[in-house]
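For reference, the chains in residue letters:
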Amino acid sequence: PTFTVAADPLLCSVFGGLLNGLATTLCLRADASTGGTDFISIYLAEKSGRDAFNIILGGNVVMLCAAGLLFGWERALYSMIFQFCTTQALHTLFQRYQHRTLWIVTDRPGEVYAIIRDTTHHGATLFKGTGLYKNEPRSMIYTVLSGDDIRRVVHEVRAVDPHAFINTQ
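Just so it is clear, the structure is predicted and the values come from calculations on it, not from any experiment. (Residues numbered from 1 in each chain as written. Predicted model: local features only at pLDDT ≥ 70, side-chain atom pairs only at ≥ 80, totals over all residues. Heavy atoms only, no water.)

## Section: the overall build of the protein
Item 1. Scanning the protein from terminus to terminus reveals six helices and four strands.
Item 2. Secondary structure of the protein in N-to-C order comes out as α-α-α-α-β-α-β-β-α-β.
Item 3. Across its three principal directions, the C-alpha atoms of the protein cover 70 × 30 × 25 Å.
Item 4. Taking as baseline every contact in the protein between residues at least 6 positions apart, the subset at least 24 positions apart corresponds to 66%.
Item 5. Computing the positive centroid from 14 side-chain charges and the negative centroid from 14, the protein places the two 4 Å apart. (Helix = DSSP H or I, 4+ residues; strand = E, 2+ residues; numbered from the N terminus. Contact = heavy atoms within 4.5 Å. Lys, Arg positive; Asp, Glu negative; His and termini not counted. Charge placed at Lys NZ, Arg CZ, Asp CG, Glu CD.)

## Looking at the packing of aromatic side chains
Item 1. The full count for this structure, using the stated rule, is two aromatic pairs.
Item 2. Summarising the aromatic geometry, the rings of Trp103 and Phe127 are spaced 6.0 Å apart at their centres and angled 35° between planes, so their arrangement reads as tilted. Here the residue Trp103 occupies a position in strand 1 (residues 99–106), and Phe127 occupies one in strand 2 (residues 125–131), the gap between them amounting to 24 residues.
Item 3. Ring geometry for Trp103 against Tyr142: centres 4.6 Å apart, planes inclined by 50°, an arrangement best described as tilted. Residue Trp103 is located in strand 1, and its partner Tyr142 is located in strand 3 (residues 136–146); the two are separated by 39 residues in the primary sequence.
Item 4. According to the relative accessible area criterion, Trp103 is partly exposed, its value standing at 24%.
Item 5. Here the aromatic residues Trp103, Phe127 and Tyr142 are joined through ring pairs into a cluster of three or more. (Phe/Tyr/Trp six-rings, centres within 6.5 Å; stacked < 30°, edge-to-face > 60°. Buried < 20%, exposed > 50% of the residue type's maximum accessible area, 1.4 Å probe, protein only.)

## Brief notes about the packing of helix 3 (residues 53–71) against helix 4 (residues 73–93)
Item 1. In the contact formed by helix 3 and helix 4, the axes pass within 9 Å of each other and the chain directions differ by 170°. With respect to helix 4, the axis of helix 3 lies roughly antiparallel. Contacts between helix 3 and helix 4 pair Phe53, Asn54, Leu57, Asn60, Val61, Leu64, Cys65, Gly68 and Leu69 from the former with Trp73, Ala76, Ser79, Met80, Gln83, Phe84, Thr87, Leu90 and His91 from the latter.
Item 2. For the contact of helix 3 with helix 4, a count of residues per class yields 11 nonpolar, seven polar and no charged. (Axes fitted to C-alpha atoms, helices over the stretch in contact; angles between N-to-C directions. Parallel < 35°, antiparallel > 145°, perpendicular 65-115°, else oblique. Nonpolar A, V, L, I, M, F, W, Y, C, P; charged D, E, K, R; others polar.)

## Concerning the nonpolar core
Item 1. Membership of the largest hydrophobic core is limited to 12 residues, which are Leu102, Ile104, Val112, Ile115, Ile116, Ile141, Leu145, Ile150, Val153, Val157, Ala164 and Ile166.
Item 2. Counting only elements with at least two residues in this core, the list comes to strand 1, helix 5 (109–120), strand 3 and helix 6 (147–160).
Item 3. With sequence-adjacent residues up to four places away left out, Ala164 is seen in contact with Ile104, Val105, Thr106, Val157 and Arg158.
Item 4. Listed in part, the five residues of the second largest apolar core include Leu28, Ile42, Phe53 and Phe94. (Core = buried A, V, L, I, M, F, W, Y, C linked by side-chain atoms within 4.5 Å.)

## With respect to the sheet that holds strand 2
Item 1. The four strands are arranged 2-3-1-4 in an open sheet whose pairing can be described as antiparallel. Looking at which strands have only one partner, the edges of the open sheet turn out to be strand 2 and strand 4 (165–168). Strand-to-strand twist of the sheet, defined as the mean angle between neighbouring strand axes without regard to direction, takes the value 20°.
Item 2. Two strands pair when backbone bridges link them, and strand 2 and strand 3 are joined in this way by seven bridges, in the antiparallel orientation. Note on strand 3: the bridge partner recorded for Thr130 is Pro137.
Item 3. Against the sheet, helix 5 touches strand 1, strand 2 and strand 3, its axis set at about 10° to strand 3.
Item 4. Of the strands in this sheet, strand 1, strand 3 and strand 4 are in contact with helix 6, which crosses strand 3 at around 150°. (Pairing = 2+ DSSP bridges.)

Listed below in structure tokens is the structure:
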């Protein structure tokens, strides 16, 4: 580089990993690839339905251990920190393959379930109960969706039932 931002290798590893995670996230959201191991992770995630970035992190650490044995541990360990920070940034910013629980308390369970079914092709479970504030019968829908699906479903549920109580975990 023509200019140095920071000379400390730890600082460069952490912030470089965060910036790499951000850049990779932007590529993945555009359905592109950085040409690294992220396309393998996406392939595994699509086939298994699970987040595969930790698997790739493990594979990278194994390769970096080999590099540490051959070329010295200091740079290999800094590279492991870089890889870890990249993976953590991806987990935070790119949630397509992370499953989350969605609880919806609503007076319109049929319409809300239709949104879930039609938008995501997932099922749901309906619980009947009593709302204690007004002591009225209430319906609660439980489902598990990906991070991308959660945003779409919540938006559409709000349009159908603006008074629905929605909780994601």
